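# A closer look at the structure
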Amino acid sequence: MAVNAKKVAVYVLVVFALYVIITDPAKAADYVQIGFQGISDAARALGDFATWVANGGK
């Protein structure tokens, strides 16, 4: 039963993504940019933390 719910969730997400891309490509591009900016910020924060740890937590 859980596998079916997972499949339905994936299908709904794909249909929503296609709907947004088809109806408003500029907004879809903004969403992608926001997502990549978030990933970039998270990677930068992890790098800063690793540097802090490597420097002895000072």
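For the structure itself, consult the block above.
Summarised in this report is the structure supplied together with it. Everything quoted here is computed from the prediction, not taken from an experiment.

What counts, and where the lines are drawn
- Residues numbered from 1 in each chain as written.
- Predicted model: local features only at pLDDT ≥ 70, side-chain atom pairs only at ≥ 80, totals over all residues.
- Heavy atoms only, no water.
- Salt bridge = Lys/Arg side-chain N within 4 Å of Asp/Glu carboxyl O.
- Helix = DSSP H or I, 4+ residues; strand = E, 2+ residues; numbered from the N terminus.
- Buried < 20%, exposed > 50% of the residue type's maximum accessible area, 1.4 Å probe, protein only.

## Observations regarding the pattern of salt bridges
Within this structure, the stated rule accounts for 1 salt bridge. We note a salt bridge from Asp41 to Arg44, for which the minimum N-O separation is 3.4 Å. Of this pair, Asp41 and Arg44 both sit in helix H2 (residues 25–54), separated by 3 residues, roughly a single helical turn. Of the residues examined, Asp41 reaches a relative accessible area of 37% and is grouped as partly exposed.

## Description of the environment of Val14
Position of Val14 relative to the elements: it lies in helix H1 (residues 2–23). Taking the C-alpha atoms as reference points, Val14 and Phe36, separated by 22 residues in sequence, lie 19 Å from one another.

## Considerations on the environment of Val10
Position of Val10 among the secondary structure elements: in helix H1. Classification of Val10 by relative accessible area gives partly exposed; the value is 44%. Sequence spacing of Val10 and Thr23 is 13 residues, and the spatial spacing of their C-alpha atoms is 20 Å.

So far we have only geometry, and geometry alone does not tell us how the molecule works.
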